[in-house]
Amino acid sequence: MNIAAIERAHEHSPGMVDNDHAILAATAEYLRAMGHNVEFTNILQPQNCKFDAVIHMSRTKELLEALKETEKYSTRIFNTPQAVEHCSRSTFVKILAQKGIPQPIYITIEGNDAPCEGYPMWLKRGDGWSCHQGDVVFAKSRIEATEAIQNMRKRGVKEILTSPHIEGDIIKFYGVSGSDETPPFFRLYYPDATKSKFQLERHNGECHKYPFHIETLQSIAFAAAKAIGIDIFGGDCIVSPKGEIQIIDINDFPSFKSCRDEAAVAIATLINSKK
């Protein structure tokens, strides 16, 4: 196959530009080893597309619209542009709620006023993806919450969601859908708050590694991915002291930095199975 590889715009990859490039480059190398031609580009001509497939990390409106048009002409897109749009927080929260997938309770903030009670809580940008340090804020009081809301509004954030702070361990997970010929890929790890994008994990304190069933987490993660329609994904969850699991984030095509080589093989194998 002739395959296009499209990198993520830098503004959608704060502090992760090199890692995002690395997973896409590694996947391209495995695809080339499988006999495919891979070309890095950000230019598509939907009606005269020379590519049989596109592997991409795009989030810009312009590229997602171009991918939707390209898809109409039988070019396979990994991930589909519709699935990427579903990973916008306000959208995936609604999808997971409809499917009964465990997650915190979210409330939409109207105007600039913070809730009177329920602290500590999280305030999160609902429209689009978190690209700024202030797009996800931990607030211990109404004063902190009001300041965060006002700062988001000043930056043009139209939709803000709140959710309660949940005590427990944060776990990051990565997944790649399987096919009739290939098994699904799944990995998880406990993050180091000092090395994460915005270091927000520190608000959950010391990691206790509460016992839980990995099979349950994998089942929940893939159920969420299926509901969203995403094939190459990552996310965060909270595991409570009782081993209860709640999804707090889903991402399209993460960097897979803790398992990059394994993930690149899995992604390339999935694409190769669709030739």
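Let me sum up the structure you'll find in this document. (Residues numbered from 1 in each chain as written. Predicted model: local features only at pLDDT ≥ 70, side-chain atom pairs only at ≥ 80, totals over all residues. Heavy atoms only, no water.)

## Digging into helix 1 (residues 17-33)
The end-to-end C-alpha distance of helix 1 is 25 Å, a good match for the 24 Å that 17 residues give at a rise of 1.5 Å each. Looking only at helix 1, the buried set comprises Asp-20, Ala-22, Ile-23, Leu-24, Ala-26, Thr-27, Ala-28 and Leu-31. Tucked inside the fold, the buried residues of helix 1 contact strand 1 (2-6), strand 2 (37-40), strand 3 (53-56) and helix 7 (260-272). (Helix = DSSP H or I, 4+ residues; strand = E, 2+ residues; numbered from the N terminus. Expected span 1.5 Å × (residues − 1). Buried < 20%, exposed > 50% of the residue type's maximum accessible area, 1.4 Å probe, protein only. Contact = heavy atoms within 4.5 Å.)

## Side note on the sheet that holds strand 4 (residues 76-78)
Remark on secondary structure: sheet strands pair via backbone hydrogen bonds, oriented parallel or antiparallel. Spatial strand order, 2-1-3-4: 4 strands in an open sheet with parallel pairing. Where the open sheet ends on each side, the last strands, each with one partner, are strand 2 and strand 4. Across the sheet, the mean angle from the axis of one strand to that of its neighbour is 20 degrees, orientation sign disregarded. Here 4 bridges tie strand 1 to strand 3, and the two strands are oriented parallel to one another. (Pairing = 2+ DSSP bridges. Axes fitted to C-alpha atoms, helices over the stretch in contact; angles between N-to-C directions.)

## Quick word on the nonpolar core
Membership of the largest hydrophobic core comes to 38 residues, with the highest contact counts inside it found for Phe-173, Leu-217, Ile-228, Cys-237, Ile-247 and Ile-250. Secondary-structure elements contributing two or more residues to this core are strand 1, helix 2 (61-71), helix 3 (81-86), helix 4 (89-98), strand 9 (169-176), helix 6 (214-228), strand 11 (232-239) and strand 12 (245-252). Core analysis: the second largest hydrophobic core is formed by 27 residues, Ile-3, Ala-266, Ile-267 and Ile-271 among them. (Core = buried A, V, L, I, M, F, W, Y, C linked by side-chain atoms within 4.5 Å.)

## Concerning the packing of aromatic side chains
As enumerated under the stated definition, the model contains 7 aromatic pairs in all. Note on Tyr-174 and Phe-256: the rings are 5.0 Å apart at their centroids and 35 degrees apart in plane angle, and the pair reads as tilted. Residue Tyr-174 is located in strand 9, and its partner Phe-256 is located in the loop between strand 12 and helix 7; the two are separated by 82 residues in the primary sequence. For the residue pair Tyr-174 and Phe-256, the accessibility class agrees, reading buried in each case. Taken together, a centroid distance of 5.9 Å and an interplanar angle of 50 degrees make the contact between Phe-186 and Phe-222 tilted. One end of the pair, Phe-186, is in strand 10 (residues 185-189); the other, Phe-222, is in helix 6, and 36 residues separate them in sequence. There is no split in this pair, since Phe-186 and Phe-222 are both buried. Among the aromatic side chains, those forming a connected cluster through ring pairs are Phe-173, Phe-186, Phe-222 and Phe-233. (Phe/Tyr/Trp six-rings, centres within 6.5 Å; stacked < 30°, edge-to-face > 60°.)

## What to know about the sheet that holds strand 8 (residues 160-164)
As summarised here, the arrangement of the 4 strands in space is 5-8-6-7, forming an open sheet in which the pairing is antiparallel. What marks the edges here is a single partner per strand, and that holds for strand 5 (107-108) and strand 7 (136-139). Bridge count between strand 5 and strand 8: 2 bridges; the pairing is antiparallel. Residue pairing across strands places Ile-107 opposite Thr-162, the latter belonging to strand 8. Across the sheet, helix 4 is in contact with strand 6 (121-125), strand 7 and strand 8; its angle to strand 8 comes to roughly 50 degrees.

## Brief notes about the pairing of strand 11
Burial analysis of strand 11 places 8 of its 8 residues in the buried class, which makes it a mostly covered element. Neither face of strand 11 is exposed, since Ile-232, Gly-234, Asp-236 and Ile-238 on one face and Phe-233, Gly-235, Cys-237 and Val-239 on the opposite face are all buried. The pairing of strand 9 with strand 11 spans 8 bridges and is classified as antiparallel. The partner of Val-176 across the bridge, within strand 11, is Ile-232. In this structure, strand 11 lies alongside strand 12, joined through 7 bridges in antiparallel fashion. By the bridge assignment, Gly-234 is partnered in strand 12 with Asn-251. The turn joining strand 11 and strand 12, which pair antiparallel and follow one another in sequence, is formed by 5 residues; a positive phi near 85 degrees is taken by Gly-243.

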